[in-house]
Amino acid sequence: MQKNKANSGYKWLILATLGLLFFVGNFAQFQMSPIASQIIEQLGLTTTQYSSAFSAPMAPAIFLSIVSGVLVDKMGVKIPVTLSAVLSVIGLAMRLFAVSYVMLYVALFLIGFSTMMVTVNAAKILSQWFSKEKASVMLGIVFALAAAGQTVGLAIGAVFPTIQSGYVFALVLGTIGMVLSALFIRENKNTEDVSPAEQKGPGILEGIKVSMKNHYVWIIGFCMLLDIGASVVVTSMLPTVLAARGVASVSAGIISSAFTVGGLVGCILMPNLVARNGGKRRLILIVAGVIAVFGVWLGWRTPAGVVMFIVMFLAGLCINSMGPVLTSIPIQLPDIGPAYAGTAGGVITTLQLMGPVLVVPYIITPLSGGNNNIYFALGAVCMAAFVVLCLFLPASVAKTLRGRKK
């Protein structure tokens, strides 16, 4: 029974704090995009150095996702989450005084800690305050705030009078998130469906062993890898190919934003759709994946204007809404559950980030040879492979929850 979860108003503070941490991390990164040329000029960076620094917030997740999941499983949520928020605030403050590539890279690396912690452990944390059936809906709200952070950062990054004033704004938001983390993030020790053993936390090696042996964890991880790989294919090249087609820069920006906005809407819509139709979860994922295949493959070639806006909106909705649905599955698995959810989330996140870090730059880009048709077709292949993997996921929420341990 989970009546304590349902009756607790405290859960909304937990949700708001996680959402703010996710928003700030993404906002702080993407606010730099519209002012990239100014940052490069101010610090004397090369284009390669700027690109490397811009991607630095993802680095903690590549190397430390499993560690962060293990820490939360073993120590509980408060200390690791609060510490990650403190490190992010240090990074936000350090960025204000960065005068070289190394300082900027280190600052952005630190900023990525809170985002990593939320990505890996949000499902575990929210499942302690909301029912497992509703965890994906709440997770969708958190993911939507991440997408909102990207969108707002891109929209207002160039509005601030100076680079430093924009950085100060991000620092203020990050400080608020850190304070809220210290005040409100904690376990729900009153929940009735978490055993004393689970509250104490499993052994470190045991958590890694159980997560690594669960085949659903690997399937979900590779699904996330393919999904984010397809997303990066679209976001990295869509403005460029539209410009090559002769689309005006303003129109190209609006059309490109449709993909991001679609993802924001999808993070709210998809988990709710699954929650209302839990018996058809796998079918919903497959249908959305098929729509995404055609959106990535053909979307950029549709007539520029309203038609392309709608197609890219739907593609973004289907692709970027998969995260909250997929990452909520481990918490529902009898072999994983609350005890090992953090470690499982770390494994999934590590696999996921292989998409933008390895698959797109070192497989898709070289294979395409600069041909846009091939480039986007390979992105569509990622989503087609995603659809195939979905066939091996648990069919429904109910079946996942009542499944037996192997």
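Residues numbered from 1 in each chain as written. Predicted model: local features only at pLDDT ≥ 70, side-chain atom pairs only at ≥ 80, totals over all residues. Heavy atoms only, no water.

Draft legend 1. View of the nonpolar core. Grouped together as the largest cluster of nonpolar side chains are 58 residues, with contacts concentrated most on Met312, Leu326 and Phe386. Counting residues per element, the ones that place at least two in this core are α12 (215-244), α13 (249-276), α14 (281-298), α15 (306-320), α16 (322-327), α18 (337-352), α19 (354-368) and α20 (372-390). For this core, the element with the most residues is α12, which contributes 13 residues. Of all hydrophobic cores here, the second largest spans 29 residues; its members include Ala36, Ile39, Tyr50 and Ala53. (Core = buried A, V, L, I, M, F, W, Y, C linked by side-chain atoms within 4.5 Å. Buried < 20%, exposed > 50% of the residue type's maximum accessible area, 1.4 Å probe, protein only. Helix = DSSP H or I, 4+ residues; strand = E, 2+ residues; numbered from the N terminus.)

Draft legend 2. A look at the packing of aromatic side chains. The full count for this structure, using the stated rule, is 15 aromatic pairs. Judged by centre distance (5.7 Å) and plane angle (75°), the rings of phenylalanine 109 and phenylalanine 113 are edge-to-face. Within this pair, phenylalanine 109 and its partner phenylalanine 113 are both found in helix α7 (residues 101-127), separated by four residues, close to a single helical turn. Taken together through their ring pairs, the aromatic side chains of Phe23, Phe27, Phe160 and Phe169 make up a single cluster. (Phe/Tyr/Trp six-rings, centres within 6.5 Å; stacked < 30°, edge-to-face > 60°.)

Draft legend 3. Molecular detail of the pattern of salt bridges. For the coordinates displayed, the defined rule picks out one salt bridge. Note that lysine 124 and aspartate 73 form a salt bridge whose closest N and O atoms lie 3.0 Å from each other. Here aspartate 73 lies in helix α5 (residues 59-75) and lysine 124 lies in helix α7, a separation of 51 residues in the sequence. The pair formed by lysine 124 and aspartate 73 is uniform in burial state, with each residue classed as buried. (Salt bridge = Lys/Arg side-chain N within 4 Å of Asp/Glu carboxyl O.)

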